[in-house]
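Listed below are the residues making up each chain.
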Amino acid sequence: NPYGRLTVNESKGHNGRGSVAIAHWDCVEGCGTSCTKHAPDCGGSEWFINLKDNAHLDTTWGGYCVFAEVADGNSMQVVDAIEKAKK
């Protein structure tokens, strides 16, 4: 990641449909997918668009930092079309 890591989770948003958030999965102890001790401020250059409301992501492992949202309904239709095309 050439841009470094998220230094502080500054999320003021909600991981609702159409919100864009930083992805993170860095484990403090390197213990794999069953880990319960993740670093909350570890986001890098990967991000995702919430296709549905994901309230649990507001607090899971320190929360997933929401930094943007899909601009409007027409743009969300494009996101929905991309999601359907992957199946």
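Look above for the structure.
This text gives an overview of the structure that appears in the document. (Residues numbered from 1 in each chain as written. Predicted model: local features only at pLDDT ≥ 70, side-chain atom pairs only at ≥ 80, totals over all residues. Heavy atoms only, no water.)

Describing the environment of Glu-10
Here comes step 1: Considering the arrangement of structural elements, one finds Glu-10 in the segment before strand S1 (19-22).
Here comes step 2: Judged by its relative accessible area of 55%, Glu-10 falls in the exposed class. (Helix = DSSP H or I, 4+ residues; strand = E, 2+ residues; numbered from the N terminus. Buried < 20%, exposed > 50% of the residue type's maximum accessible area, 1.4 Å probe, protein only.)

A look at helix H1 (residues 73-85)
Here comes step 1: Helix length check: H1, at 13 residues, gives a terminal C-alpha distance of 18 Å against a target of 18 Å (1.5 Å per residue), a fit within 8%.
Here comes step 2: Listed in full, the buried residues belonging to H1 are Met-76, Val-79 and Glu-83. Along the long axis of H1, the arc covered by the buried residues comes to 55°, so they all point the same way. The exposed set on the far side of H1, more than 90 degrees from its buried face, consists of Asn-74, Gln-77, Ile-82, Lys-84 and Ala-85.
Here comes step 3: Its side-chain oxygen 3.2 Å from the backbone nitrogen of Asn-74, Asp-72 forms the N-cap of H1. (Expected span 1.5 Å × (residues − 1). Arc of directions from axis to C-beta. Polar contact = N/O pair within 3.5 Å; in protein donor to acceptor, adjacent residues only side chain to side chain.)

Some words on the environment of Thr-60
Here comes step 1: Mapping Thr-60 onto the fold places it in the loop between strand S2 (47-49) and strand S3 (66-69).
Here comes step 2: At 2.5 Å, the side chain of Thr-60 and the backbone oxygen of His-56 are in polar contact.

Quick notes on the pattern of salt bridges
Here comes step 1: This model, assessed by the stated rule, comprises one salt bridge.
Here comes step 2: Across the pair Asp-80 and Arg-17 runs a salt bridge, and its minimum N-O distance is 2.6 Å. With Asp-80 in helix H1 and Arg-17 in the segment before S1, this residue pair connects regions lying 63 residues apart in the sequence. (Salt bridge = Lys/Arg side-chain N within 4 Å of Asp/Glu carboxyl O.)

A look at the sheet that holds S3
Here comes step 1: In space, the three strands of this open sheet follow the order S2-S1-S3, with antiparallel pairing throughout. Lying at the two open borders of the sheet, with one neighbouring strand each, are S2 and S3. The mean inter-strand angle of the sheet, taken between neighbouring strand axes irrespective of direction, is 25°.
Here comes step 2: Pairing of S1 with S3 involves three bridges; the strand directions are antiparallel. From the neighbouring strand, Val-20 faces S3, where its bridge partner is Ala-68. (Pairing = 2+ DSSP bridges. Axes fitted to C-alpha atoms, helices over the stretch in contact; angles between N-to-C directions.)

Let's talk about the side chain of Ser-19
Here comes step 1: Structurally, Ser-19 can be placed in strand S1.
Here comes step 2: Residue Ser-19 is classed as buried on the basis of its relative accessible area of 6%.
Here comes step 3: In this structure the side chain of Ser-19 is engaged in a polar contact, spanning 2.7 Å, whose partner is the backbone oxygen of Gly-16.
Here comes step 4: When sequence neighbours within four positions are dropped, the list of residues in contact with Ser-19 reads His-14, Phe-48, Ile-49, Asn-50, Val-66, Ala-68 and Glu-69. (Contact = heavy atoms within 4.5 Å.)

A word on the side chain of Asn-15
Here comes step 1: Inspection of the secondary structure puts Asn-15 in the segment before S1.
Here comes step 2: Residue Asn-15 is classed as buried on the basis of its relative accessible area of 0%.
Here comes step 3: A polar contact of 3.1 Å, which involves the side chain of Asn-15, links it to the side chain of Asn-50.

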